[in-house]
Amino acid sequence: MIGWADIKRMAANVNSKGDNFSLPGRIINILALLGGVLGFAVFFSYSCYFIKERFQVPVWDGIAVLHFLFGNQETGHTPNLFLGEAFRVRDNEHRPIFPMFLWQFDYFMFKSTGLFPVLVSHILAALTAVIALSGIIRRVAWPIGFLIAGAGLALTFAPMNYENLMWEKQVHVYMSLFFSTLSLWLAATKVGGSDLRQDAVWLLLIGIFSFVASFSFGYGMVVWPVLIGHALLSRWRLPLTGTIVVFFLLTTALYATTWMSLSHHDNPADTIFHPWGVLKYTAAFLFAPFIRIAGLLVGTDWHQIAIAGGLCLLAIFIFGAVRRYLILEPENSRARFSVMVGTFCIGIGFITALGRLNINTGDSSRYFIVAILFLLALPGMIWSGRVNESTLRNAFLVSFFYLLIGTAVSSQFTYRNDIEKITMDTIEGALAAEFKVSDTVRGLYPNKIIIDEQVWPYYRRRQNEIGRKLPYSWIGKPFAEIFDTYSSCPGQVEALKPVAGHPGIYTIRGWARFGNFGQQPADWVVAVDQNAIIAGLARVAAATPALGKQLFDLYPDHVQRQSERSGLVGYVRAGSETTLDFYAIHDKEICRFESGLAVERTGS
């Protein structure tokens, strides 16, 4: 962490003589300052974007959380987390005890908009990145430190990490990583001095933080062997090492009380006997986010290259770790901290491989934050001394962290379609739940009964509008109560397809634009029956490449890319003789489909 002494030291560096005031040194400092401004700008813009575009409803594991919190309201029972009922929660292999308080607070105080957990996630993500970078920031002149901080934050909030940054459920990952990293920092910098009482206080805090990390997400369990290994290699006093071992044993015993092998995941008791497969998975896990960007850019499967690159990273790390602990400057706490963070990330890859070896290839967006943390820790391990004295080293650092900013920005283009698709899948799943046809799409959760009978009704009762993007309260209300005047605009509902097993429910498929000439994108489409009641709702954002070409031919003054996302996804309740009119909505304004394009009657 950075304190007042470090700020004074960095200020003193400005007045020091040497390479910083040579012409190359000045150029490097100017580039570092410009890069830092760019990095912080990228960080703030991506953070704001993901807060704005966050998932509007809980999905999958988030549904399981809400089911635990209020799924039993029909019996009148609400879990009391302060009495330890949260310890009954199982989330796959994880025990999210402490994040459960955040989710409950968000549900009861903010009607489960997801904003509060996402804000906490972003704060913890930024703090974790800064702590991980502290090993190198404290050893450079302040302009380069400014660049390092900005680039690290930009990479941490890169679009390739979208799942963690948009999904309120992922606050448990960031809580685990933050408290784990904080524990490692305290162990490296505060424990091991001559004052045993002071060490005991720090050790108590380390034990508490590591316990919180373990019962936030399973990643936190990895911090214990890293702490014990550090204690042994640093020759802590026996009482200190023994205390951390006792903490570890008690935490493991409590964690194991609800452990069970998952039927849809690999059994660690089996995968542990496939060391080469586990090693390859761990290597790809650490290298995947960066090689996937290149792979997506050229349309190639780069998984084997990810394995090779990850194995090289592991070899470099092991070589450097041995040198820092056993050969070079064993008293250098900052370098050791960086080694501990890297070891922690490798351990996460290892335990993930034990449960996912035959399930996936380790390149999911929600895993990328671990690889990013590993990369941020590497410079602090490589450079253990002061680096502001070497122009060549500073030039390399500036180039390296410019590369990280470029990686963050480039992922915006390679993961744009993924972000748009998962957003539409979430909205379509929520629409299906609202019309009680959640078994017809991948939806929000695989168990229809939990969605339709136990979670969705209670969730909707608390959150009528469900954020900014899902205006479900319109359904069933008179059209005139919500909208006043309207104009005309182009659009077409091409089909109302009956939903199998759900009489009277139809899917809406077609396209819509807003304005007399369709010059603006539409947000929603409402279907209004002959009684002027809103009977259906559809989101306008689905990918329609062929339609985009058609619209581009009709309206050549508009951008084809925008037109490609004019498709409808939604549902309507209608009888076989119902007549429907369709209206497009954009920014609280409304327009009716042009004459000849509106669907006037439903199919049978």
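This is a predicted model, so every value here is computed, not measured.

Some thoughts on the packing of helix α6 (residues 142-156) against helix α16 (residues 368-382)
- Between α6 and α16, whose axes approach to 10 Å, the crossing angle comes to 165°. Classified by the angle their axes make, α6 and α16 are roughly antiparallel. Both α6 and α16 take part in a crossing whose hand is right-handed. Note on element contacts: α16 touches α6 through I369, I372, L375 and L376, opposite G152, L155 and T156.
- For the contact of α6 with α16, the class distribution of residues is 5 nonpolar, 2 polar and no charged.

Points about the nonpolar core
- By size, the foremost hydrophobic cluster in this structure holds 160 residues, and its most contacted members are L155, L184, L227, W456 and V526.
- The greatest single-element share of this core, amounting to 13 residues, is contributed by helix α8 (residues 171-189).
- Leaving out residues up to four positions away in the same chain, L227 has contacts with S183, L184, A187, I206, S210, I244 and M340.

What about empty space enclosed by the protein?
- As enumerated under the stated definition, the model contains 4 cavities of 30 Å³ or more in all.
- Computed from the structure, the largest cavity encloses a volume of approximately 120 Å³.
- Lining the largest cavity are 15 residues, with P58, L66, W103, D106 and E168 positioned closest to its centre.
- Looking at the lining of the largest cavity, the elements that each hand over two or more residues are α3 (61-70) and α4 (97-110).
- Here the element with the most residues in the lining of the largest cavity is α3; it accounts for 3 residues.

Details of the side chain of N161
- Position of N161 relative to the elements: it lies in the loop between α6 and α7 (162-166).
- Setting aside its immediate chain neighbours within four residues, N161 contacts T156, Y174, S365, F368 and I369.

Cut-offs applied
Residues numbered from 1 in each chain as written. Predicted model: local features only at pLDDT ≥ 70, side-chain atom pairs only at ≥ 80, totals over all residues. Heavy atoms only, no water. Axes fitted to C-alpha atoms, helices over the stretch in contact; angles between N-to-C directions. Helix = DSSP H or I, 4+ residues; strand = E, 2+ residues; numbered from the N terminus. Parallel < 35°, antiparallel > 145°, perpendicular 65-115°, else oblique. Left-handed = near helix turned anticlockwise from the far one by under 90°. Contact = heavy atoms within 4.5 Å. Nonpolar A, V, L, I, M, F, W, Y, C, P; charged D, E, K, R; others polar. Core = buried A, V, L, I, M, F, W, Y, C linked by side-chain atoms within 4.5 Å. Buried < 20%, exposed > 50% of the residue type's maximum accessible area, 1.4 Å probe, protein only. 1 Å grid on protein atoms, 1.4 Å probe; cavity = no way out; pocket = protein on both sides within 12 Å on 5 of 7 lines; lining within 4 Å. Points joined across faces, edges and corners; volume = space filled by probe spheres on them.

Everything listed here is a matter of coordinates, which is why it stays silent on function.
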